[in-house]
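# Fold and geometry: a report
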Amino acid sequence: MQGLAELVAPLPATLRDRVLGVTPTFSSFTAPPHLMPYKRHAECVQWMVDNDQSDRDWFAVDDRPSWFAPYCDYLIDCDSQRGFDDEAAARLRFALLKARQRMLRRLDTLL
């Protein structure tokens with residue numbers, strides 16, 4: 001298993017600084033039944049629970065979409081041969097923009 005420094009090294013500094021940690025391994029917790037077939041998705045959700053972030057948006061950059069529930073809004077799929085390329089970066093930027101818009105709408109609702 002790679003450590004955080006190794007995982008974020010290929011990312012641009014502006015994204016590298018936004019990565020908060022690595023997920024727990026699937027065997028170290030009990031996943032909800034609906035996520036049992038989707039190990040990486042379950043690991044991401046568990047990280048959010050472990051870090052009191054369940055009500056926040058999150059994103060996973062991964063080259064194994066079958067390890068996430070179908071149509072997972074939080075997955076930024078990247079090609080295993082090309083890695084985190086310009087196309088994946090554009091999808092991540094778009095996802096971050098949408099998350100920011102959702103956050104601003106929630107703030108408007110509160111105010």
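Just so we're clear, the structure is a prediction, and the values are computed from it rather than from any experiment.

The next subject is the overall build of the chain. The secondary structure content of the chain amounts to four helices and two strands. Along the chain, from the amino end to the carboxyl end, the secondary structure elements read α-α-α-β-β-α. A compact globule built from 111 residues should have a C-alpha radius of gyration of about 13 Å, and the chain, at 15 Å, falls within 12% of that. Burial statistics for the chain: of 111 residues in total, 28% are counted as buried.

Its location among the elements puts Asp-62 in strand S1 (residues 60-62). In this structure the side chain of Asp-62 is engaged in a polar contact, spanning 3.1 Å, whose partner is the side chain of Arg-40. Setting aside chain neighbours within four positions, we find Asp-62 in contact with Arg-40, Phe-68, Leu-75, Ile-76, Asp-77 and Cys-78.

In this structure the tally under the stated criterion is three aromatic pairs. When the centroid spacing of 4.6 Å and the interplanar angle of 20 degrees are considered together, the rings of Trp-58 and Tyr-74 count as stacked. In this pair, Trp-58 is assigned in the loop between helix H3 (39-50) and S1 and Tyr-74 in the loop between S1 and strand S2 (75-77), connecting sequence segments 16 residues apart. We classify Trp-58 as buried; its relative accessible area is 11%. Between Phe-59 and Tyr-74, the ring centres sit 6.4 Å apart and the planes meet at 55 degrees, which makes this aromatic pair tilted. Highlighted residues: Phe-59 in the loop between H3 and S1 and Tyr-74 in the loop between S1 and S2, separated in sequence by 15 residues. Classification of Tyr-74 as partly exposed rests on a relative accessible area of 27%. Chaining the aromatic ring pairs together yields one cluster made of Trp-58, Phe-59 and Tyr-74. Over the face of the ring belonging to Trp-67 we find Arg-64, whose NZ or CZ atom lies 4.5 Å from the ring centre.

Cut-off values and rules
- Residues numbered from 1 in each chain as written.
- Predicted model: local features only at pLDDT ≥ 70, side-chain atom pairs only at ≥ 80, totals over all residues.
- Heavy atoms only, no water.
- Helix = DSSP H or I, 4+ residues; strand = E, 2+ residues; numbered from the N terminus.
- Rg over C-alpha atoms; globule rule 2.2 N^0.38 Å.
- Buried < 20%, exposed > 50% of the residue type's maximum accessible area, 1.4 Å probe, protein only.
- Polar contact = N/O pair within 3.5 Å; in protein donor to acceptor, adjacent residues only side chain to side chain.
- Contact = heavy atoms within 4.5 Å.
- Phe/Tyr/Trp six-rings, centres within 6.5 Å; stacked < 30°, edge-to-face > 60°.
- Lys NZ or Arg CZ within 6 Å of the ring centre and 35° of its normal.

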